Amino acid sequence: MITFDDLLGSPFADGGRGPSQYDCWGLCREVYRRYGVNIPDYPISAMDANRICKQMEQEQHKWVQIQQPYPVPCLVAICLDSASWVNHAGVYIGNGQFIHAYRKTGVVIDRIKKWRSSIVGFYVPRG
């Protein structure tokens, strides 16, 4: 069974790729790695919402949108400001929960229901 206890509470850091600090994409990469899936790295500042949005739009063809977050893992695409399409991401880990690295909290597990209004969609890598 894959666990994330060692990640919880890790502080958020711009460009954080672990093992002790993460930004949202660095954490997504680590969670996917634990499931045996390698996803690409994007060395973009977590504070550059416009560039993140552009990169995610360019890479969208590499992901398949699904209606419900049932496969584990699946990417949770989130919009934190109305000027962007997507500028934050987490990974669905089952039972209505996802893990993400957020500036205000560091690495946490949250409920999908709590973030529903900010979630743009759920995605799995195109295989």
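Use the structure listed above.
The following refers to the structure shown. (Residues numbered from 1 in each chain as written. Predicted model: local features only at pLDDT ≥ 70, side-chain atom pairs only at ≥ 80, totals over all residues. Heavy atoms only, no water.)

**Overview of the overall build of the chain**
Along the backbone of the chain there are three helices and six strands. Starting at the N terminus, the α and β elements of the chain follow one another as α-α-β-β-β-β-β-α-β. Expected size for 127 residues packed as a compact globule is a radius of gyration near 14 Å; at 13 Å, the chain falls within 12% of this value. By principal-axis analysis of the C-alpha atoms, the chain measures approximately 35 × 30 × 30 Å. Per-residue burial over the chain gives 48% buried out of 127 residues. Carbon and sulfur atoms provide 49% of the accessible area of the chain, an area that totals close to 6,800 Å². (Helix = DSSP H or I, 4+ residues; strand = E, 2+ residues; numbered from the N terminus. Rg over C-alpha atoms; globule rule 2.2 N^0.38 Å. Buried < 20%, exposed > 50% of the residue type's maximum accessible area, 1.4 Å probe, protein only. Areas by Shrake-Rupley, 256 points an atom, 1.4 Å probe, with all protein chains shown as cover.)

**Focus on the pattern of salt bridges**
Taken as a whole, this structure holds eight salt bridges when the rule is applied. In this structure, the salt-bridge partner of Arg17 is Asp41, at a minimum N-O distance of 2.8 Å. Of this pair, Arg17 sits in the segment before α1 (24-34) while Asp41 sits in the loop between α1 and α2 (49-59); the two residues are 24 residues apart in sequence, bridging distant segments of the chain. Look at Arg17 and you get partly exposed, because its relative accessible area is 28%. The structure contains a network of salt bridges with shared partners spanning Asp6, Glu30, Arg33 and Arg34. (Salt bridge = Lys/Arg side-chain N within 4 Å of Asp/Glu carboxyl O.)

**Quick word on α1**
Of all 11 residues in α1, eight are buried, a share of seventy percent or more. Taken as a whole, α1 has its buried residues at Cys24, Trp25, Gly26, Leu27, Cys28, Glu30, Val31 and Tyr32. On the buried face of α1, the contacting elements are β1 (63-66), β2 (74-78), β3 (88-94), β4 (97-102), β5 (106-111) and β6 (119-125). Positive phi shows up at Gly36, right after α1, with a value of about 80 degrees. (Contact = heavy atoms within 4.5 Å.)

**Concerning the nonpolar core**
Membership of the largest hydrophobic core comes to 26 residues, with the highest contact counts inside it found for Leu7, Trp25, Leu27, Leu75 and Ile99. Every element with two or more residues in this core is listed here: α1, α2, β2, β3 and β4. Per-element tally for this core: the top contributor is α1, with five residues. Once residues lying within four places of it in the same chain are set aside, the contact partners of Leu75 are Trp25, Cys28, Tyr32, Trp63, Ala89, Gly90, Gly121, Phe122 and Tyr123. Counting 12 residues, the second largest nonpolar core, distinct from the first, contains Phe98, Ile112, Ile119 and Phe122. (Core = buried A, V, L, I, M, F, W, Y, C linked by side-chain atoms within 4.5 Å.)

**Brief notes about the side chain of Asp23**
Take Asp23: it is sitting in the segment before α1. Of the residues examined, Asp23 reaches a relative accessible area of 2% and is grouped as buried. In this structure the side chain of Asp23 is engaged in a polar contact, spanning 2.8 Å, whose partner is the backbone nitrogen of Gly26. Excluding anything up to four places from it in sequence, Asp23 contacts Phe12, Ala13, Asp14, Gly15, Gly16, Arg17, Ile44, Ala46 and Ala101. (Polar contact = N/O pair within 3.5 Å; in protein donor to acceptor, adjacent residues only side chain to side chain.)

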